[in-house]
Amino acid sequence: MLKIKQWSQAEASKNLKVRFNDAKQMRIQQEHQWRYNEVLLYNALSEETSDYKGPVTADILQRVFTPENENETGVNYLFKHHRFLNAQMSANPPSVQARPTSSDPADKRRADTADRLCRHGIRAYQMQEKIDLNNGQTLLYGTGFIKTSFDPNAGEIVSFDPAAGMLEMSGDFTMKPLTIWDIWLDPHARNWADVEYVFERVWYSLDEATMKWPDKEELFKKAQKDLQDDTYKQEQYGIVQLQEVRIPIFHYYEKGLPINGMQGRYTCMLEDATLLQPCDTSPHRFYEPSNDPAEIREQVDAEAMGFEVDRGPEVAMLPYHILTDIDVTDSVYGKSFIEYGAPGQETINRLDSLTMENIAAHGYCRMVIDEGADVSEDSITDTNVTVKIERGS
């Protein structure tokens, strides 16, 4: 028998602060390469930023990614290959087909129903579009994440009380691709199966945060004001020009482990590890499926007739799915093809820029003057137009 470890409020805050700091330190090793990949993909010909820690925005492209002179040019082959690979992955997506396990007509009808349900889900939840977005990020950064979960605030309206100002939703399945800048992984993991916990940054407006945690309104106002006054952090987040500053709240998911009774852990906190709710079991829990198709059919039929089925205890899982471009040994994060094509792309850019400079130089009208001529160099704005002839040469 194993003794389950329960965290108190103080222990949870302390442990999560240590884990979050470790996860951030571990991710710093990847962030420089991610920013460099963005610079190369979006054809930035100037120096990359050193402090920016977020995805490329229109403001960043306009302010930073600008050629330093008119002769600096290049053909972005990496962007071409990125578009090609993304299109290939979109045109040939993984498919799911439900097949009957026997020749029984009823079994065939069930398989046909399941197949139609799968195709309806793909269309209704726009899965193909979201997969394409995730593929693009995977090719850019080498790693992409998709989150699947049950959102109690999604779905259809169940009841609405205008007098009390209360709204109840039916809840629904949600699937969304996540930017890699909002995910911090277990720094001790060497592959995805070893990842025990994940921190996810979610941006809330003040109204949304207050609706979910009404007793923390003053805490949210202070966090919002601190972010508004901190221009350096706004620069990192890419929100300098926004008047309404949203609040970053970090969701902590821990998968089922013997130490937590296979129920996982879940909580939400601010960046300084201030907990917004008690650290409880993970909401992303499932029954372990049976490996026997006959047993699964019996369970489904029993539930359809209203009988209770004992499926055993639930096991918590992480609500994230990872996709990597090029796998790396002993690393959860993958590498992007851009990292291997970068030296060639930079060489092509330098050659193209040198060619442009030579063409521009050959297009000037040159003036040949003697070195003793009384012509001040300050009077000539472009030194490329003059050729000095030294005496005796």
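For the structure, see preceding data.
For the structure given in this document, a descriptive report is provided here.

Each value, and the rule that gives it
- Think of each chain on its own: its residues are numbered from 1, step by step along the sequence as written.
- Under the rules for a predicted model, residues below a pLDDT of 70 receive no local features and side-chain atom pairs below 80 are neither given nor counted, while totals for whole chains, interfaces and linings still include all residues.
- The side-chain values count all of the structure's non-hydrogen atoms but skip hydrogen atoms and water molecules.
- The definitions used throughout rest on a 1 Å grid laid over the protein atoms alone, on which a cavity is an enclosed set of points accommodating a 1.4 Å probe that cannot get out and a pocket is an open set flanked by protein within 12 Å on both sides along at least five of seven lines; lining residues are those having an atom within 4 Å of a point.
- Grid points are joined across faces, edges and corners, and a volume is the space filled by probe spheres set on the points.
- A run of H or I in DSSP counts as a helix once it spans at least four residues, and a run of E counts as a strand once it spans at least two, with each numbered from the N terminus.
- All amino acids are sorted into three groups, where Ala, Val, Leu, Ile, Met, Phe, Trp, Tyr, Cys and Pro are nonpolar, Asp, Glu, Lys and Arg are charged, and the leftover types, Gly among them, are polar.
- Pairing between strands requires that DSSP locate at least two bridges from one strand to the other.
- Note on geometry: axes are C-alpha line fits, over the in-contact stretch for helices, and angles between N-to-C directions span 0 to 180 degrees.
- Pairs of N or O atoms are called polar contacts if they sit within 3.5 Å, as long as, within protein, a hydrogen donor faces a hydrogen acceptor (for residues adjacent in sequence, only side-chain-to-side-chain pairs).
- Any two residues whose heavy atoms approach within 4.5 Å at even a single point are treated as in contact.
- Each residue is placed in one exposure class: buried if its accessible area under a 1.4 Å probe, protein chains only, is under 20% of its type's maximum, exposed if it is over 50%, and partly exposed if it falls in between.
- Rotating anticlockwise by less than a right angle from the far helix to the near helix defines a left-handed crossing, while the corresponding clockwise rotation defines a right-handed one.

Empty space within the largest pocket amounts to approximately 1,200 Å³. Lining of the largest pocket is provided by 33 residues; of these, Phe150, Asp151, Pro152, Asn153 and Lys212 occupy positions nearest its centre. When residues of the lining of the largest pocket are traced back to their parent elements, those giving at least two are β1 (143–151), β3 (166–169), β4 (172–178), β6 (197–204), α6 (206–212), β7 (247–254) and β9 (285–287). Here the element with the most residues in the lining of the largest pocket is β1; it accounts for 5 residues. Considered class by class, the residues forming the lining of the largest pocket number 16 nonpolar, 9 polar and 8 charged. If you trace the second largest pocket, you find 20 residues lining it, with Pro94, Val96, Met127, Ile131 and Met175 closest to the centre. Sorting the residues of the lining of the second largest pocket by element identifies α4 (105–124), α5 (127–141), β1, β4 and β11 (320–324) as the ones contributing at least two each. If one sorts the elements of the lining of the second largest pocket by residue count, α5 sits on top with 5 residues. Looking at the lining of the second largest pocket residue by residue, the class counts come to 13 nonpolar, 7 polar and no charged.

Within the open sheet, the 3 strands sit side by side as β4-β1-β11. Their pairing is antiparallel. Whereas interior strands pair on both sides, the edge strands pair on one side only; in this sheet they are β4 and β11. Between one strand axis and the next, the sheet turns through 20° on average, direction left out of account.

Its place among the elements puts Asp186 in the loop between β5 (183–185) and β6. Here the side chain of Asp186 touches His188 through a polar contact of 3.1 Å, landing on its backbone nitrogen. There is a polar contact of 3.3 Å between the side chain of Asp186 and the backbone nitrogen of Glu196. In contact with Asp186, other than residues within four places in its own chain, are Asp194, Val195, Glu196 and Tyr197.

Structurally, the position occupied by Met127 is in helix α5. Given a relative accessible area of 22%, Met127 falls into the partly exposed group. Here Met127 is in contact with Gly121, Ile122, Phe173 and Met175, once residues within four sequence places are set aside.

Moving on, we get to the packing of helix α3 (residues 77–91) against α5. Between α3 and α5, whose axes approach to 10 Å, the crossing angle comes to 145°. Regarding α3 and α5, the two cross each other, and that crossing is right-handed. Every residue of α5 that contacts α3 at His82, Leu85, Asn86, Met89 and Ser90 is listed here: Gln128, Asp132, Asn135, Gly136, Leu139 and Leu140. Broken down by class, the residue content of the contact of α3 with α5 amounts to 4 nonpolar, 6 polar and 1 charged.

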